Amino acid sequence: MSEAGTGSADTGGGPERAGRRALTYAVLLCLLGAGLAVFAATRTWGVELTPRPAPLPPIRTVRTGGDLLPWLPALALVGLAAAGAVLATRGLGRRLVGVLLALVGAGLVAGGGYGGFGPTSDGISVGWPVLCAVGGLLATAAGVVTAVRGAGWPVMGARYERAGRGGGPAKVGPAPEAPGRLEGRRTTAAWDALDRGEDPTVS
């Protein structure tokens, strides 16, 4: 009898455990992808040398990904914020966050590709743009998975909620008074009766 009950409990907890695992993986994938994109977008993508008349040395201008594409770091930060939104939302809202995250990831991929291989890529080292695009791909994957399966994942903090009768929230009644408190009240009432000239032992 006990083995059968244990097996049914494990079976019931399996889908919830799998949902929590999938939620954790999606959030970590989002953080990893957006974090890589933020890091890559703030690195030096290229150095521009502007010649000057001799004997003056050329002017060296360092250009980061944010200098070339100002919207790129901001888009990556939106991807980081989406990780928290995936945890905080549920149902249709979480699916919409997944769609937004997938679009953000696609934008990061496009930005990395344009910065590294576009018409303005002369003198640009392709390493950081490629890393930014890889981060965008990871964020896109996290967004697609969230949009497709996120509605069935558990909500953050749901395991701490206790259901009352009929599936509603548990009702908390007033705490029973301690015996010592009751005895104290009875003693006070007895002294008050004596002050009024009454006998407290007579009911």
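Residues numbered from 1 in each chain as written. Predicted model: local features only at pLDDT ≥ 70, side-chain atom pairs only at ≥ 80, totals over all residues. Heavy atoms only, no water.

Draft legend 1. A look at a nonpolar patch on the surface. Taken together, the side chains of F117, V126, V130 and V134 define a hydrophobic patch exposed on the protein surface, amounting to about 330 Å² of accessible area. Residue position: V126 is located in the loop between α4 (91-117) and α5 (127-149). Owing to a relative accessible area of 38%, V126 belongs among the partly exposed residues under this scheme. (Patch = residues over 30% accessible without salt bridge, like charges linked within 9 Å, V, L, I, M, F, W, Y side chains within 5 Å. Areas by Shrake-Rupley, 256 points an atom, 1.4 Å probe, with all protein chains shown as cover. Salt bridge = Lys/Arg side-chain N within 4 Å of Asp/Glu carboxyl O. Helix = DSSP H or I, 4+ residues; strand = E, 2+ residues; numbered from the N terminus. Buried < 20%, exposed > 50% of the residue type's maximum accessible area, 1.4 Å probe, protein only.)

Draft legend 2. How the structure looks around the environment of C132. Relative to the helices and strands, C132 is located in helix α5. Overall, C132 belongs to the buried group, its relative accessible area being 0%. As a C-alpha pair, C132 and G65 span 67 residues in sequence and 9.2 Å in three-dimensional space. Those residues in contact with C132 that sit more than four places away from it in its chain are A37, A40, W45, L72, L108 and G112. (Contact = heavy atoms within 4.5 Å.)

Draft legend 3. Inspection of the confidence of the model for the protein at higher detail. Considering every residue of the protein, the mean pLDDT works out to 78; 69% of them sit at 70 or more. Taken as a whole, residues 1-12 scores under 50 in pLDDT and shows zero contacts with residues more than four places along the chain or in a different chain. Note that residues 158-168 has pLDDT below 50 and, in this model, nine contacts with residues that lie over four places away or in other chains. (pLDDT = per-residue confidence, 0-100.)

Draft legend 4. Structural detail: the pattern of salt bridges. Counted according to the given criterion, the structure contains one salt bridge. Here R20 ties to E16 by a salt bridge, and the two come within 3.3 Å at their closest N and O atoms. Residue R20 and its partner E16 are both found in helix α1 (residues 2-41); the two are separated by four residues, about one turn of the helix.

Draft legend 5. A look at the packing of α4 against α5. For the pair α4 and α5, interaxial distance at closest approach is 7 Å and the crossing angle is 165°. Viewed along their axes, α4 and α5 adopt a mutual orientation that is roughly antiparallel. In this structure, the crossing between α4 and α5 has a hand that is left-handed. Split into classes, the residues belonging to the contact of α4 with α5 amount to 17 nonpolar, nine polar and two charged. (Axes fitted to C-alpha atoms, helices over the stretch in contact; angles between N-to-C directions. Parallel < 35°, antiparallel > 145°, perpendicular 65-115°, else oblique. Left-handed = near helix turned anticlockwise from the far one by under 90°. Nonpolar A, V, L, I, M, F, W, Y, C, P; charged D, E, K, R; others polar.)

Draft legend 6. Looking closely at the packing of helix α3 (residues 71-88) against α4. Closest axis-to-axis distance for the α3/α4 pair is 9 Å, and the angle between their directions is 155°. Relative to α4, α3 is oriented roughly antiparallel. Classified by chirality, the crossing of α4 by α3 is left-handed. Residues W71, L72, L75, A76, V78, G79, A82, A85, V86 and L87 of α3 form the contact with α4, whose participating residues are R94, V97, L101, V104, G107, L108 and G111. Grouping the constituent residues of the contact of α3 with α4 by class yields 13 nonpolar, three polar and one charged.

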